[in-house]
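What follows is each chain in one-letter form.
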Amino acid sequence: MSEQLPLLIELGTEELPVKALPGLADALFDGIKAGLEKRGVAVDAREARPLFTPRRLAVLLPGVAVEQPEQASEVFGPYVNIALDADGQPTKALSGFAAKAGVDWTQLERTTDAKGERFVLRATRAGARTADLLPEVIAEAVAAMPIPKPMRWGDHDYAFARPVQWLVALLGEQVIDTTLMGVAAGRESRGHRFEHDAPVSIAAPGDYVAALEAARVLVDPQQRRARIIEQVQAAARSVDGDARVTDDNLEQVVCLTEWPNAVACSFEPAFLAVPQEALIETMEINQKFFPVLRDGVLTEHFIGIANIASRDPAQVRAGYERVIRPRFADAKFFFDEDLKQGLVAMGEGLATVTYQAKLGTVADKVARVAALAQAIAPQVGADAALARRAAELSKNDLQSRMVGEFPELQGIAGRHYALAAGEPQEVALAIDEGYQPRFAGDDIALSPLGKVLAIAERLDTLAGGFAAGLKPTGNKDPFALRRNALGLARTIIESGFDLDLTKLIQEAKLGAWAYSEMKASDEARGAFLSAIAKMASLGRDVSELDYEDAVPLSVAKFQEIRSHSEIYDFILDRLKGYYADKGVPTTQFNAVAELKPASLYDFDRRIEAIGTFAALPEAAALAAANKRIGNILKKAQAEGVQIPDHLDRGLIEHPAEAALAEAVQAAIGDTDTALHQHDYVAVLARLALLREQVDSFFDMVMVNAENPAVRGNRLALLHRLHARFGKVADIAQLSA
């Protein structure tokens, strides 16, 4: 094995973009490693990982071969029938090939391929020195880095994320002879800009981390992360609190510092009258501070992270407290002014705010969501009047000064203003929870009213988006319909709501299409919506709506509205990824999706059942049999065979046929109650017991009997079996 030496590459720059920093470090690390491996240079990465600070990107590999392995080459020459004449002497073709290769033709070897025997020149040469390969490897890795916004500096043609200041490139103790963006490689790094304003000489790669730490730079981001967490938690404990440390805020602070030091700070308790979410938002997003909570409630303490070990922490503390005070004062002003106006009054302006050109104003959307919420609430045991009230107030805070300054507080601000206005607590909570899940991985709403509002809101968004022609295409999804579809599905499934989604989609589409197809001034829209409202008051289902009730629309358009399939299929497509993340195989998902259950909660129960069934030893054989049965039935129908509705026991001829008929009849009787109770696990467990009779039937019985009556009877038997399995899922998909 070739000798190995440690390798260090450090690219020093001005402060790099915080959010891009980890990705740039990963790209440089992967690029250097891949470039060496592509050239056959052995790399021992072991526990190596990207190293970086705001001013540097570094690659430190424990072992890199000092040279490539011996390089073998093959150059193919002419085929023997062309290369040699009748006397076995070289022709011009062979002589020319040998001369070009610089060898006598007798030194050439022979090889055989599909076309016959031919001459070949095989040679070996020593591998190149890694030190000679590294300049090209480094240049390639840097050129391939994903620079978000390349900068140019001076009068040079090259560009990078930030101006390059120094370059360290060491293989063992040897400096690599290379230049990158006008900077020659050396062994001098830089310490902390303020704590160690002097070059740091690196004798060998193994000294790198310790040498920089001595110069007040923690080049390992994991070391900085651990230090920040330890100091922040200790500072919070000192004031009898718990620090709020989010992954995003922590990551950014790690990328902002080289020598982090926690500083405990505080602000005036009077600011705590402001909703704590606004104060937390300011601390984390604007200042990268860590709030301190006690039992989940914000205290007047927070923790800042300085990039120096100050000799006078009081000055640093005063600076942090001075910076945050104006932001808090603004938030308090906005909050107080909003309270004076009141949540109900805020909503008056929604009628002048366009939601979408084809879908009316935000007030129009609120009216549609309120109608949906009122219709959904009784179906899940929630109060319809409170659901409507929560929906009617759900967008009012969009007109508040607080949300204007802190858009992320939509719903949260509304909850505070609703409580201040004396609204019921469950209504206030629903206004907030209606936005959940706010992002991937977020929890769904917890309260019944919050769930109802979340479902109604997303139904209207989906129906409106499709009605206005805003269906996602490629990466474009202006209305976030994919996210809304998944949020809707998650809320229904994880809440255990047995709702008929197809009817809900129809109702949402009726409201959305009313706005997309009719001008706001048309009396027809009002008449149409009144007809829908009247139906709801009479307890009639939307699916019962007659064309006469929808006179403003053409027959074709009305039928299009009545169809739920496009939106339903769109939601199912989102569910495919949802279940894949849970480890559900695509075949099992497809087995249930083929039936398109109206209830997503029911869909979930079938998924659970099919997973349990798939683990049974009988599953594979029964799935294959069902696939075979399905093909037999399709072929018979294509040939025009009329399959009887009932089984005629007088036409049963074979014992195996009789055994299957008896077993199927018993299984149907045993599973009727379980099906009615949606106990799909029990249904499939009972049907799994039919494997022996099914196998015997196909081994011993010819389905396509010569007697048409016997054939029809056997098809009827198979149809009964297939239909019973099909009550749960299309298990034939499991054999796909």
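About the criteria used
Residues numbered from 1 in each chain as written. Predicted model: local features only at pLDDT ≥ 70, side-chain atom pairs only at ≥ 80, totals over all residues. Heavy atoms only, no water. Buried < 20%, exposed > 50% of the residue type's maximum accessible area, 1.4 Å probe, protein only. Helix = DSSP H or I, 4+ residues; strand = E, 2+ residues; numbered from the N terminus. Arc of directions from axis to C-beta. Contact = heavy atoms within 4.5 Å. Core = buried A, V, L, I, M, F, W, Y, C linked by side-chain atoms within 4.5 Å.

**Topic: helix 3 (residues 92-101)**
Here's step 1: Among all positions of helix 3, only Leu-94, Phe-97 and Ala-98 are buried. Buried residues of helix 3, viewed axially, fall in a sector of 95°; they line one side. Turned more than 90 degrees from where helix 3 packs its buried face, Lys-92, Ala-99 and Lys-100 sit exposed.
Here's step 2: Elements in contact with the buried residues of helix 3: strand 5 (71-79), helix 2 (80-83) and strand 7 (116-125).
Here's step 3: Of the residues one or two after helix 3, Gly-102 is the one with positive phi, at around 80°.

**Looking at the nonpolar core**
Here's step 1: Counting 131 residues, the largest nonpolar core has Leu-459 and Ile-571 as the members making the most contacts within it.
Here's step 2: The dominant element in this core, judged by the number of residues it contributes, is helix 16 (residues 448-467), at 10 residues.
Here's step 3: Apart from residues lying up to four places away in sequence, Leu-459 is in contact with Leu-372, Ile-376, Leu-488, Leu-501, Leu-504, Ile-505 and Ala-508.
Here's step 4: Counting residues in hydrophobic clusters, the runner-up holds 42 residues, among them Leu-11, Leu-61, Val-183 and Cys-255.

**Here we look at the environment of Ile-505**
Here's step 1: As for its placement among the helices and strands, Ile-505 is situated in helix 18 (residues 501-517).
Here's step 2: Note on Ile-505: relative accessible area 2%, which makes it buried.
Here's step 3: Remark: the alpha-carbon pair of Ile-505 and Ser-563, spanning 58 residues in sequence, is separated by 8.7 Å.
Here's step 4: For Ile-505, the residues in contact, after removing those within four places along its chain, are Leu-459, His-564, Ile-567, Tyr-568 and Ile-571.

**Notes on unusual backbone geometry**
Leaving glycine out, the prevailing phi sign among residues is negative, and the prevailing peptide bond configuration is trans.
Here's step 1: The omega torsion across Gln-436 and Pro-437 is -5°, close enough to zero to call that bond cis.
Here's step 2: Summarising the element assignment, Pro-437 is placed in the loop between helix 15 (425-433) and helix 16.
Here's step 3: Positive phi, close to 50°, is recorded for Met-181, a residue that is not glycine.
Here's step 4: Here Met-181 is to be found in the loop between strand 10 (179-180) and strand 11 (183-184).
Here's step 5: With relative accessibility at 11%, the residue Met-181 sits in the buried group.
Here's step 6: Of note in the backbone geometry, Lys-288 takes a positive phi value of approximately 60° without being a glycine.
Here's step 7: Overall, Lys-288 belongs to the buried group, its relative accessible area being 19%.

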